[in-house]
Every structure is written in C-alpha cells, then in structure tokens.
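Remarks on the overall topology
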Amino acid sequence: MQYRDSADISGASVNQAGGGSRGSAGGRLAVGGGGTIVVLILALIFGCDPSGLLGGGTGSGDTQVANPVTQCTRGSDIQANRECRWNAYMASIGAYWSGALQGFKATSMTTFSGRVSTGCGAATSSVGPFYCPVDQVIYIDTAYTATLLSQLGARGGDAAEAYIVAHEYGHHIQNLTGVMAKAQSSTQTGAGSASVRLELQADCYAGVWFRHSTDDPNGAIKSVTQDDLNRIIDAAIAVGDDAIQKAQTGSVNQESWTHGSSAQRKNWTSIGFKTGDPNKCDTFSATTLG
Ligand SMILES: [Zn+2]
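These notes cover the structure that comes with them. Since the structure is predicted, the reported quantities are computational estimates derived from the model, not experimental observations.

Turning to the coordination of the zinc ion, a few remarks are in order. Distances from the zinc ion to its protein donors, namely His167 (NE2), His171 (NE2) and Glu199 (OE), fall within the range 1.9 to 2.1 Å. Mapped onto the polypeptide sequence, the residues donating to the zinc ion form the spacing pattern H-x3-H-x27-E. Here the residue His171 occupies a position in helix H6 (residues 158-177), and Glu199 occupies one in helix H8 (residues 194-212), the gap between them amounting to 28 residues. Comparing His171 with Glu199, the two get one shared label, buried.

Below, the structure is given as structure tokens:
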C-alpha cells in the first residue's frame, strides 16, 4: 500500500487517549438495556475477553482527555511519523463514505494504550479494536492490534490494519443507517444470527472501501497491490470465530459465534471488494452466508 505524499489527511480525527484522571466521572456504562449486548458484540472483533469493557471503571486514571495526534497533515508525514498512517486510513475511508452515503457524518478514532474510558464503559486492550455507538468513536490500541494479528497467524501490515479500521468504520455506517439498532434487538448468537450478519456486513463494507481506496486522485492511498488484498483476506480469516475458538479451546462451537467463521468473513470481505457496492452487502437478506 502506497500513500500519496500530497494528500491532505488533516481532516481525519485521530486522538490519543491520555492526560490523566479528571475526577469521578468514571467509565460506567452510560447506556441501558441493550447497551451491554452492543458492547459485547461490537467489542469482539478478535473474540477476546470483553470483561474489561463492562467493569465499573471508576479507578483513577481511566478517564482521559483526548489529545489530537498533531503533525499529520499530509501523506508525506507518514515517512517521518508512522503513526500518521492511522490518519491516512481514516481520511481515505471517510472520504469514500462521504460520497457513498447520504446523510454521512464522519466518525473519529481514539488510540490508547492498555486501558481507556469510553461512552460504552471502560475498556482494556484485550477486547481488541471496537466501535462505541454511544459516543460514536472507534477505539484502538494500535500496538496491541499488531501483536494480536500476528498471534492469530495473520501477516498484518498496513492493509490489514486499514481493513480493521474500515470494519469498525462499517459499524459507524450501520449506526447511521439504523441497521445496528435493528440488529441489536436480538441477543442470539450463532452462525446465522443477527450479530454475525452485522459483523459480516461490516466486513463487506471494509471490502467495498478497499476496492475504492485508490479512486480519488488526491486521496491518501496512492496504490494497492495483490499482496495488500491477500493480507486483508488473511486477517479476515484469522479473526473468524471458529479460528479463534480453535486456538483458544481446541474446539469449535457454532452456537456461540458472534462474528462469523473464517469462511464467512472471507466471503463477505471478498463480496465487498469484488462488487465495490455497499448495496451488495445485505447480509440480513442473504440465505447463505458462506
Ligand atoms: Zn465488528
């Protein structure tokens, strides 16, 4: 994946969590009813322990102010400061959706290390990257994400990272379209559940973005390669529920799937990429998911 030096990436909102405690606001879940389920479902892109997200989170130091990642204004800044690549992903994905979705509103990203307090409660890195629909922010522990990808056997790299961001951005799109609220009303899990369909649609949206990532002659992504696509598919397979279950427990239990199997995630990421059309990402009407 090559970045365009001249691209303006200053519009992407990427903030760094940190700045110490701000008193007693705490990180309690600020949502009622289905909120807990949403957190569980959305946090688990990597299927890790969600308990960190649901803790009281009233300890000191877990409420932070957001500091913008400064000095990321052009694509060329990535050479001097690799952290600016997150701004490039967000700029590219946001630019695509602003043209593809009526009533689009950009989301922002907060990077953190170890622990963060969010509109959905306090979270630790172990939950993996997630989107919080309450404050409409994507949270990601950038260092931990790379480790996690490699632990799960994915090759990683910028394209795989961008796929993860595009998947979380997909949840934001689902929040805007109302699909998320609809899917949320069901608490079932399993291979054909609403939860899995929601996740597979986010995968599909990530594939759609990647297909269009180099369309804009002034966009942040200048070129992509077959290897980039392979790495994305690689990551989608690695984060399949069955793959994670097998790695963690040695067996596979379809009934508890929340994100879909490796085959399903590969399938929908591919459909998004091949069609380049978000309307083809209707996982809720699909009779077979892959
Ligand atoms: Zn997800």
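Before going further, it helps to spend a moment on the layout of surface pockets. Roughly 230 Å³ of volume is contained in the largest pocket. If you trace the largest pocket, you find 15 residues lining it, with Thr177, Val179, Gln201, Tyr205 and Pro278 closest to the centre. Those elements that place two or more of their residues in the lining of the largest pocket are helix H4 (84-100), H6, helix H7 (179-184) and H8. Looking at the lining of the largest pocket, the element that brings in the most residues is H7, giving three residues. Its residues placed into classes, the lining of the largest pocket shows 10 nonpolar, three polar and two charged. Within this model, the second largest pocket holds a volume of roughly 200 Å³. Contributing to the lining of the second largest pocket are 15 residues, with Ser92, Ala95, Tyr96, Asp216 and Gly219 lying nearest its centre. The set of elements that each furnish at least two residues to the lining of the second largest pocket consists of H4 and H8. Per-element accounting of the lining of the second largest pocket gives the leading share, four residues, to H4. Considering only residue class, the lining of the second largest pocket consists of seven nonpolar, five polar and three charged.

Criteria and thresholds
- In this numbering scheme, every chain counts its residues from 1 along its sequence in written order.
- Only residues with pLDDT of at least 70 get local features here, since the model is predicted, and only at 80 or more are side-chain atom pairs given and counted; chain-wide, interface and lining totals rely on the full set of residues.
- Each side-chain value is derived from all of the structure's non-hydrogen atoms; neither hydrogens nor water enter the calculation.
- Metal coordination here is assigned from N, O and S atoms located within 2.8 Å of the ion, or within 3.2 Å for Na, K and Ca; omission of water means that sites may look incomplete.
- To qualify as a helix, a DSSP run of H or I must reach at least 4 residues; to qualify as a strand, a run of E must reach at least 2; elements of each kind are numbered from the N terminus.
- Relative accessibility thresholds used throughout: buried, under 20% of the residue-type maximum; exposed, over 50%; partly exposed, between the two (1.4 Å probe, protein chains only).
- Both cavities and pockets are sets of points on a 1 Å grid over the protein atoms alone; in a cavity a 1.4 Å probe fits but cannot get out, in a pocket the set is open with protein on both sides within 12 Å along at least five of seven lines, and lining residues sit with an atom within 4 Å of a point.
- Grid points are joined across faces, edges and corners, and a volume is the space filled by probe spheres set on the points.
- Residue classes follow a fixed rule: Ala, Val, Leu, Ile, Met, Phe, Trp, Tyr, Cys and Pro count as nonpolar, while Asp, Glu, Lys and Arg count as charged, and any other residue, Gly among them, counts as polar.

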